Amino acid sequence: QVQLVESGGGLVQAGGSLRLSCAASGRTFSRYAMGWFRQAPGKEREFVAAIIWSGGSTYYADSVMGRCTISRDNFKNTVYLQMNSLKPEDTAVYYCAADMPATLFKRPTARPEEVTYWGQGTQVTVSS
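First, a word on scope: everything that follows refers to the structure included in this document.

Calculation rules
Residues numbered from 1 in each chain as written. Predicted model: local features only at pLDDT ≥ 70, side-chain atom pairs only at ≥ 80, totals over all residues. Heavy atoms only, no water. Helix = DSSP H or I, 4+ residues; strand = E, 2+ residues; numbered from the N terminus. Rg over C-alpha atoms; globule rule 2.2 N^0.38 Å. Buried < 20%, exposed > 50% of the residue type's maximum accessible area, 1.4 Å probe, protein only. Contact = heavy atoms within 4.5 Å. Phe/Tyr/Trp six-rings, centres within 6.5 Å; stacked < 30°, edge-to-face > 60°. Lys NZ or Arg CZ within 6 Å of the ring centre and 35° of its normal. Core = buried A, V, L, I, M, F, W, Y, C linked by side-chain atoms within 4.5 Å. Polar contact = N/O pair within 3.5 Å; in protein donor to acceptor, adjacent residues only side chain to side chain.

Our focus in this paragraph is the overall build of the protein chain. Counting its secondary structure elements, the protein chain contains one helix and eleven strands. In terms of C-alpha radius of gyration, the protein chain reaches 13 Å, essentially the compact-globule figure of 14 Å for 128 residues. The principal-axis extents of the C-alpha atoms in the protein chain amount to approximately 40 × 30 × 25 Å. Across the 128 residues that make up the protein chain, the buried fraction comes to 45%. Within the protein chain, contacts between residues separated by at least 24 positions form 60% of all contacts whose residues are at least 6 apart in sequence.

This part covers the packing of aromatic side chains. Counted according to the given criterion, the structure contains six aromatic pairs. Ring pairing ties together the aromatic residues Phe-37, Phe-47, Tyr-59, Tyr-95, Phe-105 and Trp-118, which thus form one cluster. Positioned above the aromatic ring of Tyr-95, the side-chain terminus of Arg-45 is 3.6 Å from the ring centre. Its guanidinium or amino end placed over the ring of Trp-118, Arg-45 lies 4.5 Å from that ring's centre, counting from NZ or CZ.

Here we take up the nonpolar core. Most often, soluble globular proteins have nonpolar side chains that are buried together. Core analysis: the biggest nonpolar cluster contains 41 residues, and Leu-4, Met-34, Trp-36, Leu-81, Met-83 and Tyr-94 have the highest contact counts within it. Residue assignment for this core shows that the elements contributing at least two residues are strand 3 (18-25), strand 4 (33-39), strand 5 (46-52), strand 6 (58-60), strand 7 (68-73), strand 8 (78-83), strand 9 (92-99) and strand 11 (122-127). The dominant element in this core, judged by the number of residues it contributes, is strand 5, at six residues. With sequence-adjacent residues up to four places away left out, Leu-4 is seen in contact with Cys-22, Ala-23, Ala-24, Met-34, Cys-96, Ala-97, Ala-98, Tyr-117, Trp-118, Gly-119 and Gln-120.

What follows concerns the side chain of Arg-38. Relative to the helices and strands, Arg-38 is located in strand 4. Polar contacts involving the side chain of Arg-38 include one to the side chain of Glu-46, which spans 2.6 Å. When residues no more than four places from it in sequence are discounted, the contact partners of Arg-38 are Glu-44, Arg-45, Glu-46, Val-48, Ser-63, Val-64, Glu-89, Asp-90, Ala-92, Val-93 and Tyr-94.

On the secondary structure map, Thr-91 appears in the loop between strand 8 and strand 9. Of note is the side chain of Thr-91, whose polar atom sits 2.9 Å from the backbone oxygen of Pro-88. One polar contact links the side chain of Thr-91 to the main-chain amide nitrogen of Val-126, over a distance of 2.9 Å. Excluding residues that lie within four positions of it along the chain, Thr-91 makes contacts with Ala-40, Gln-123, Val-124, Thr-125 and Val-126.

Have a look at this one:
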């Protein structure tokens, strides 16, 4: 079984930054991709970013392109999401996800209903 544990959420003012972390355990992740999704109140869960576990290829939603950076530390089995220039519309619960690259790198966007492994989520609130 795979366990994903997010951390790093919180309250930040518009224009500020946060770094989310996702610690993975339970499996060998070299064949997996890792990603981030978010879900705002009353809205569907949406794709944010993804990274190949070994190789470094990345993919971003248009809404965060240029403001967010996804990265990974293979030795720590941890994936990060650095978020800059945050906007109130970025307010959501952010979820870490793990699955095959074909799922998380699907075009035009990864579909949350197809993702196998999820973390419990971490709240990000951006005040105006």
